[in-house]
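# What the coordinates show
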Amino acid sequence: MSQDTSPLADDALLAEVAELIVSALNLDLNPSEIEPDAPLFGEGLGLDSIDVLEIALVVSKRYGFQLRSDNDDNLRIFSSLRNLAAYIARQRTK
């Protein structure tokens, strides 16, 4: 059996990260309303750069790693709930 070395985000982690986003940003919606592949910015969830900082802070506290503002992959990482959760699955220490 071969094991995938880059874990994908499972449904439980997707739900957990959606809840984290909703609570960190005090959004007036149910976490289940966040589509896993919908954009988090612009026409999707409508987040901005300040929101990203808030999310990065709660992610670092919850999962034990830093999301750095100078990471070239931030646009991809924060492009959707699924991408963010997959990144957390690979990086988490907690």
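Residues numbered from 1 in each chain as written. Predicted model: local features only at pLDDT ≥ 70, side-chain atom pairs only at ≥ 80, totals over all residues. Heavy atoms only, no water.

## What about the overall build of the chain?
Helix and strand counts for the chain come out as four helices and zero strands. Along the chain, from the amino end to the carboxyl end, the secondary structure elements read α-α-α-α. On C-alpha atoms alone, the chain measures out to a radius of gyration of 13 Å, which is about the 12 Å that the 2.2 N^0.38 rule sets for 94 residues. Once the C-alpha set of the chain is aligned to its principal axes, its extents read approximately 45 × 30 × 20 Å. Going through the 94 residues of the chain one by one, you find that 35% of them count as buried. The contacts of the chain with a sequence gap of at least 6 include a subset with a gap of at least 24, amounting to 64%. Computed over 8 positive and 16 negative side-chain charges, the separation of the two mean positions in the chain equals 10 Å. (Helix = DSSP H or I, 4+ residues; strand = E, 2+ residues; numbered from the N terminus. Rg over C-alpha atoms; globule rule 2.2 N^0.38 Å. Buried < 20%, exposed > 50% of the residue type's maximum accessible area, 1.4 Å probe, protein only. Contact = heavy atoms within 4.5 Å. Lys, Arg positive; Asp, Glu negative; His and termini not counted. Charge placed at Lys NZ, Arg CZ, Asp CG, Glu CD.)

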